[in-house]
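Residue strings, one per chain:
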Amino acid sequence: MHRVSRRNFLKTGVSLSAATFLAGGNKILSRSQIGAPAGAGPCVVASNNGLEAVEKAMNMIRSGSDPLDAVIAGVNLVEEDPEDMSVGYGGLPNEEGVVELDASVMHGPTHNAGAVASLRNIKTPSRVAKLVMERTDHALLVGEGALKFALAHGFKEENLLTDKARQIWLRWKETLSERDNWFPPKMDKLAEELEPYISSYGTVNCIAIDSAGNLAGVTTTSGLAFKIPGRVGDSPIIGAGLYVDNDIGAAGSTGRGEANIITCGSHMVVNFMGLGSSPEEACLKALQKIAEKTRLQPHLVDDEGRPRFGLSFYAINKKGQYGSGSMWSGSTFAVHDGNEKKLKETAYLFKRDKNSRATRLRR
Ligand code: GLY
């Protein structure tokens, strides 16, 4: 467990900026400089809702599948699971009650990527993202165009709004304001159940390295619950929600997408690994940089200058080493290290306390 105190954070935040962002002398290390042995993998890492995903991906990699096919098959389990309300089918809808999905994929050996954003009516946006990569000369398709592209490739339109997600959305809508014509429900059975979902950013990220040292990753989400229609998070943005450099490593993220988009978070994590940081250190350094920049937006920080939102990174380097870091303590991630699948605690920047809980954005 790695913890950075506020004082150390403020101190190291400055030195990090100086050392990492101003020192042009640092070079990205090549695979041989990192000392990556051939056959360092396989290893699969995911956000904590991806425990079954890492197992599926590991089994496929062991059977000779490309690591990108393996991680996509892994997250398909989550996308198709109506009980996961943060991804794919069953995901919480936008403010109008419509589910809009974002996803990206990136393939290390070809350094190619594909993504879709604000995609409606298709359960598995990660598969559409892979087709954008393979069957178009583009990297990102959105909205209507993404849907038409998916239909052209034979995907079937389905209603992604489960009854449970609809009920949660309806309660959110009915209790949003006392100045509209929607009355709150008389029997508020959903109140407690709703709490974790209000302004939830849930997402699944899965990254992998195979035994030949090839890397790949996927990030897929229904995005911010009850978002403004058309809002796009970090998940389909290459460099923000996902980045893979086959010479260095792979990284992905979950949490507040806006913070990650404006800092190119996953690219930053891979860059730190290229400069010699371990995966865990790289995640924490990126979080530290994001925390530092967040202080320029007063509405996003508590009275101690700490971000009032959650954000986590997951990383694997070319050696097959892995790690994860979260803005706040108390998070876990999933890994299959070749021996077993397990949930592990993430390293973190700030320890959650009573004060941080009270001032936290519900996100
Ligand atoms: N990280 C997911 C989102 O912000 O949409």
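Our structure is the block above this text.
Rules used in this analysis
Residues numbered from 1 in each chain as written. Predicted model: local features only at pLDDT ≥ 70, side-chain atom pairs only at ≥ 80, totals over all residues. Heavy atoms only, no water. Helix = DSSP H or I, 4+ residues; strand = E, 2+ residues; numbered from the N terminus. Polar contact = N/O pair within 3.5 Å; in protein donor to acceptor, adjacent residues only side chain to side chain. Contact = heavy atoms within 4.5 Å. Salt bridge = Lys/Arg side-chain N within 4 Å of Asp/Glu carboxyl O. Buried < 20%, exposed > 50% of the residue type's maximum accessible area, 1.4 Å probe, protein only. Pairing = 2+ DSSP bridges. Axes fitted to C-alpha atoms, helices over the stretch in contact; angles between N-to-C directions.

Peer 1: Would you take a moment to explain the side chain of Thr221 for this structure?
Peer 2: Along the chain, Thr221 turns up in strand S6 (residues 215-221). A distance of 2.8 Å separates the side chain of Thr221 from the backbone nitrogen of Gly223, its partner in a polar contact. Not counting the four nearest positions on each side in its chain, Thr221 is found in contact with Ser86, Val87, Glu100, Leu101, Asp102, Tyr201, Gly202, Thr203 and Ser235.

Peer 1: Would you take a moment to explain the pattern of salt bridges for this structure?
Peer 2: Pairing is possible between side chains of opposite charge, provided their charged atoms come close. In total, this model carries 15 salt bridges according to the counting rule given. Its salt-bridge partner being Arg306, residue Asp353 comes within 3.5 Å of it at the nearest N-O pair. With Asp353 in the loop between strand S13 (347-350) and helix H12 (354-359) and Arg306 in the loop between helix H11 (279-294) and strand S9 (311-317), this residue pair connects regions lying 47 residues apart in the sequence. Between Glu340 and Lys342 there is a salt bridge; the shortest N-O distance is 3.7 Å. Take Lys342: its relative accessible area is 22%, and that puts it in the partly exposed class. Because the salt bridges share partners, they merge into one network encompassing Asp302, Glu304, Arg306 and Asp353.

Peer 1: Any chance you could explain the sheet that holds strand S4 (residues 140-142) here in plain terms?
Peer 2: Within a sheet, neighbouring strands are paired by backbone hydrogen bonds and run either parallel or antiparallel to one another. One open sheet accounts for eight strands, arranged S4-S3-S2-S6-S5-S1-S11-S12; its pairing is mixed. In the strand order of this sheet, the two ends are held by S4 and strand S12 (341-345), each with one partner. Direction aside, the axes of adjacent strands within the sheet are offset by 10° on average. Packing of helix H3 (residues 51-62) onto the sheet brings it into contact with strand S1 (43-47), strand S5 (204-209), strand S11 (332-336) and S12, and relative to S1 it is tilted by some 160°. In the packing of helix H5 (residues 125-135) onto the sheet, contacts are made with strand S2 (101-107), strand S3 (112-119), S4 and S6, and the angle to S3 comes to roughly 135°.

Peer 1: For this particular structure, what's the right way to read the pairing of S9?
Peer 2: Residues in a regular strand project their side chains so that they alternate between the two faces of the sheet. Judged by how many residues are buried, S9 sits mostly within the fold: seven of seven residues are covered. Here S9 shows a buried face lined by Leu311, Phe313, Ala315 and Asn317 and a second buried face lined by Ser312, Tyr314 and Ile316. Pairing geometry for strand S8 (residues 249-255) and S9, over seven bridges, is antiparallel. Note on S9: the bridge partner recorded for Gly249 is Asn317. In this sheet, strand S10 (residues 322-328) lies alongside S9 in antiparallel orientation, the contact comprising five bridges. Residue Tyr314 lies in a different strand from S10, and its bridge partner there is Ser324.

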